[in-house]
2 protein chains.
Amino acid sequence: MNYPTGIKKSHNQIINYSHRGMTLEDDINETNSYYRDKDLAYIYKKPTPIKVTKVDFRKDRTSTIKEAFYMEPSTTDYNGIYKGYYIDFEAKETKNKTSFPLANIHKHQLKHLENITKHGGIGFIIVRFSVLNKTYLLKAEDLFSFTKDNDRKSIPLTFFESKGYLIKEKYRPRLDYLNVVDDFLEVKNG
Amino acid sequence: MNYPTGIKKSHNQIINYSHRGMTLEDDINETNSYYRDKDLAYIYKKPTPIKVTKVDFRKDRTSTIKEAFYMEPSTTDYNGIYKGYYIDFEAKETKNKTSFPLANIHKHQLKHLENITKHGGIGFIIVRFSVLNKTYLLKAEDLFSFTKDNDRKSIPLTFFESKGYLIKEKYRPRLDYLNVVDDFLEVKNG
């Protein structure tokens with residue numbers, strides 16, 4: 001079994017999962033990898049879009065990119081399939097203790113999540129309040145009900161507490177967000 | 001209305017769609033863009049995975065990447081949602097006139113398509129025989145029935161002719177592959 005870097009485990013040892021210095025992206029990538037290993041879901045992070053402007057071409061597939069620039073992503077970072085459903089989400093961390101600044105999510109990413117939801121997909125955001133060490137899943141529908149009713153530039157923590165789902169952090173998978181998705185699939189189908 | 005580069009159109013003009021020098025990727029990107037404009041489907045090409053090794057960081061979001069390398073993709077190039085279904089495919093061109101060399105698709109991409117199909121998604125490959133100017137959609141299930149029964153390193157054109165679906169090329173969208181997907185969704189649901 002592989003343990004995350006820097007963590008040793010014995011049967012009598014209690015591990016504090018909350019302060020491992022792992023980023024939200026690390027946690028989600030590890031969780032998605034766990035889901036794939038267990039043949040539960042196939043959800044991947046999309047590569048960062050990069051515009052390549054200069055390349056040293058070589059025939060042996062080892063071309064070196066000499067100049068390139070980061071581009072703004074046109075969609076969300078994660079998508080894939082779970083129980084036949086199309087899954088699509090964006091994940092963000094904030095150091096803010098009382099609200100999540102909406103500037104963290106691009107307008108076209110919100111539009112993308114809206115399109116996905118309209119076409120029968122399951123869209124959401126995962127937001128970690130890193131100082132509070134709390135990670136919430138907020139369904140796209142609830143996100144839009146907030147943005148449509150409010151001119152506010154941030155979503156208060158209280159909104160996540162009332163409408164979002166707190167994702168439990170554990171050892172493996174680190175951030176079992178599909179457990180939460182199961183909850184609202186049950187409501188949808190039941 | 002925007003016309004593809006190098007093509008002018010008038011009402012009396014007949015356009016030869018077959019020799020525009022557009023790549024398969026261009027055609028699929030334009031088609032996906034058409035589907036989005038018409039609110040029919042949200043299918044995107046994933047960015048090319050690139051490993052960045054040197055960056056000139058700047059605060060104003062204009063960091064320049066000074067050294068980077070192309071990585072092997074872990075999944076297929078295209079995915080998204082259509083009529084609530086998770087769609088996933090790989091697209092390849094070949095200059096070969098009689099068969100499609102399987103070396104064009106990585107083993108882990110085939111495995112990925114198999115996982116997707118098993119979990120209720122719609123997986124396929126789009127293969128263009130560029131010299132013949134014919135583009136086929138082959139369902140993942142048929143692709144696997146071929147690879148499981150054969151040790152061959154290529155799929156003969158005749159297999160595409162019997163099991164695949166010929167995609168009609170037209171003006172807009174250039175390569176209406178969802179028209180073909182509709183055909184087998186009908187079989188699935190009807």
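See the structure shown above.
All values derive from a computational prediction rather than experimental measurement.

S.K.: Where do I start with the pairing of strand β3 (residues 64–70) of chain B in this structure?
M.R.: A regular strand places its side chains so that they alternate between the two faces of the sheet. Where strand β3 (residues 64–70) of chain A and β3 of chain B come together, four bridges link them in antiparallel fashion. If you follow Ile65 of chain A over to β3 of chain B, its bridge partner there is Ala68 of chain B. Sheet topology places strand β2 (residues 50–56) of chain B next to β3 of chain B; six bridges connect them, and they run antiparallel. Bridged to Lys54 of chain B within β3 of chain B is Glu67 of chain B.

S.K.: I keep staring at the packing of aromatic side chains and nothing clicks. Help me out?
M.R.: Two aromatic rings, taken as a pair, are described by how far apart their centres are and by the angle between their planes. This model, assessed by the stated rule, comprises 25 aromatic pairs over all chains. Ring centres of Tyr34 of chain A and Tyr35 of chain A lie 6.2 Å apart, and the angle between their planes is 65°; this geometry places the pair in the edge-to-face category. The pair Tyr34 of chain A / Tyr35 of chain A is uniform in exposure class, with both members buried. Ring centres of Phe129 of chain B and Phe160 of chain B lie 5.4 Å apart, and the angle between their planes is 80°; on these two criteria the pair is classed as edge-to-face. You can see Phe129 of chain B sitting in strand β7 (residues 122–129) and its partner Phe160 of chain B sitting in helix α4 (residues 157–163), a full 31 residues away along the chain. For Phe129 of chain B, a relative accessible area of 0% translates into the label buried. By relative accessible area, Phe160 of chain B is classed as buried at 0%. Between Lys46 of chain A and the ring centre of Tyr44 of chain B, over which it is positioned, the NZ or CZ distance is 6.0 Å. In this arrangement the basic side chain of Lys139 of chain A is found over the ring face of Phe184 of chain A, its NZ or CZ atom lying 4.8 Å from the centre.

S.K.: Got a minute to help me understand the pattern of salt bridges in this structure?
M.R.: Between side chains of opposite charge, a pair can form as their charged atoms come close. Residue and element names in this part refer to chain A. Applying the stated rule across the entire model yields 23 salt bridges over all chains. Between Arg128 and Asp27 there is a salt bridge, with its nearest N and O atoms 2.7 Å apart. Of this pair, Arg128 sits in strand β7 (residues 122–129) while Asp27 sits in helix α1 (residues 24–37), and the two are 101 residues apart along the sequence. Summarising the burial analysis for this pair, Arg128 and Asp27 share the class buried.

S.K.: Even after reading the chapter, I still don't get the relation of the copies chain A and chain B, so can you show me in this structure?
M.R.: Here two copies of a chain appear, and what relates them is a rotation about an axis with a shift along it. When chain A is fitted onto chain B, the two copies agree to an RMSD of 0.0 Å after a turn of 180° and an axial shift of 0.0 Å. On the angle and the small slide along the axis, the relation comes out as a two-fold axis. Looking at chain A, 100% of its interface residues are interface residues in chain B too, so the copies touch through the same face.

S.K.: Is there a simple way to think about the sheet that holds β2 of chain B in this case?
M.R.: Hydrogen bonds between backbone atoms are what pair the strands of a sheet, whose relative direction is either parallel or antiparallel. Spatial ordering of the open sheet is given by β2(A)-β3(A)-β3(B)-β2(B), a layout of four strands whose pairing is antiparallel. Of all the strands in the sheet, just β2 (50–56) of chain A together with β2 of chain B have a single pairing partner and so form its edges. Taken over all neighbouring pairs, the strand axes of this sheet differ in orientation by 35° on average, direction set aside.

S.K.: Would you take a moment to explain the packing of helix α2 (residues 107–118) of chain B against helix α3 (residues 140–149) of chain B for this structure?
M.R.: All names here are of chain B. Between α2 and α3, the shortest axis-to-axis distance is 10 Å and the interhelical angle comes to 125°. Judged on the interaxial angle alone, α3 and α2 are oblique. α3 is crossed by α2, and the crossing has left-handed handedness. Residues Leu110, Leu113, Glu114 and Thr117 of α2 lie in contact with α3, whose contacting residues are Ala140, Glu141, Leu143, Phe144 and Lys148.

S.K.: Teacher, can you tell me more about the pairing of strand β1 (residues 41–45) of chain B here?
M.R.: Residues and elements named next belong to chain B. For β1, a buried count of four out of five residues is recorded, marking the element as mostly surrounded by other parts of the structure. Direction of pairing for β1 relative to strand β4 (residues 78–82): antiparallel, over a ladder of five bridges. Among the inter-strand pairings, Ala41 is bridged to a residue of β4, identified as Tyr82.

S.K.: What am I meant to see in the environment of Lys97 of chain B here?
M.R.: Residue and element names in this part refer to chain B. Structurally, Lys97 is set in the loop between β5 (85–94) and β6 (99–101). Placed 90 residues apart in sequence, Lys97 and Val187 show a C-alpha to C-alpha distance of 31 Å. Once residues within four sequence positions are removed from consideration, Lys97 is found in contact with Val131, Leu132 and Leu157.

S.K.: Could you clarify how one ought to interpret the interface of chain A and chain B in this entry?
M.R.: The extent of an interface is frequently quoted as the accessible surface area lost upon association of the parts. Between chain A and chain B, the contact holds 38 residues from the first and 38 residues from the second. Here chain A meets chain B over a buried area of about 3000 Å², counting both sides, of which 61% is carbon and sulfur. Per-residue buried area on chain A facing chain B is highest for Ile65, Tyr70 and His119 of chain A; these three make up 20% of the total on that side. One can count two salt bridges joining chain A with chain B. Note that Lys118 of chain A is salt-bridged to Asp39 of chain B, the shortest N-O span being 3.1 Å. Viewed at the interface, chain B and chain A are joined by nine residue pairs in polar contact (both at pLDDT 80 or more). Mapped onto the side of chain A that touches chain B, the elements with two or more residues apiece are β1 (41–45), β2, β3, β4 (78–82) and α2 (107–118) of chain A. Here the side of chain A that touches chain B takes seven residues from β3 of chain A, the largest share from any one element. The class makeup of the residues in the side of chain A that touches chain B is 16 nonpolar, 14 polar and eight charged.

Criteria and thresholds
By convention here, each chain's residues receive numbers from 1 onward along its written sequence. Written order determines the labels here, with chains lettered from A and ligands numbered from 1. A pLDDT threshold of at least 70 governs which residues receive local features in this predicted model, and a stricter bar of 80 or more applies before side-chain atom pairs are shown or counted, although totals over entire chains, interfaces and linings include all residues. Here the side-chain values reflect all heavy atoms present in the structure, with hydrogen atoms and water set aside. When DSSP finds at least two bridges between two strands, those strands are taken to pair. Helical segments are the DSSP runs of H or I of at least four residues, strand segments are the runs of E of at least two, and each set is numbered from the N terminus. Classification of ring pairs rests on two measures: the distance between centres of Phe, Tyr or Trp rings, Trp counted by its six-membered ring, which must be within 6.5 Å, and the angle between planes, read as stacked under 30 degrees, edge-to-face over 60 and tilted in between. Relative accessibility under 20% of the residue-type maximum defines a buried residue, over 50% an exposed one, and the middle range a partly exposed one, all with a 1.4 Å probe and only protein chains included. Counting as a charge over the ring demands two things of the Lys NZ or Arg CZ atom: a distance within 6 Å of the ring centre and an angle within 35 degrees of the ring normal. Here, a salt bridge means any Lys or Arg side-chain nitrogen found within 4 Å of an Asp or Glu carboxyl oxygen. Copy-to-copy superposition: least squares on the C-alpha atoms, limited to residues that have pLDDT of at least 70 in both copies. Pairs of residues are marked as contacts when any of their non-hydrogen atoms sit within 4.5 Å. Fitted lines through C-alpha atoms serve as axes, helices being fitted only where they are in contact, and the angles separating the N-to-C directions of these axes extend from 0 to 180 degrees. What sets the label is the angle itself: under 35 degrees gives roughly parallel, over 145 gives roughly antiparallel, 65 to 115 gives roughly perpendicular, and the rest give oblique. By definition, turning the near helix anticlockwise from the far helix through less than a right angle yields a left-handed crossing, and turning it clockwise yields a right-handed one. Values labelled buried area give the accessible surface lost by two parts on being combined, using a 1.4 Å probe and summing over both. Pairs of N or O atoms within 3.5 Å make up the polar contacts considered here, provided that, within protein, one atom can donate a hydrogen while the other can accept it, and that residues adjacent in sequence are counted only when both atoms are side-chain atoms. Each residue is assigned to one of three groups, with Ala, Val, Leu, Ile, Met, Phe, Trp, Tyr, Cys and Pro labelled nonpolar, Asp, Glu, Lys and Arg labelled charged, and all others, Gly among them, labelled polar.

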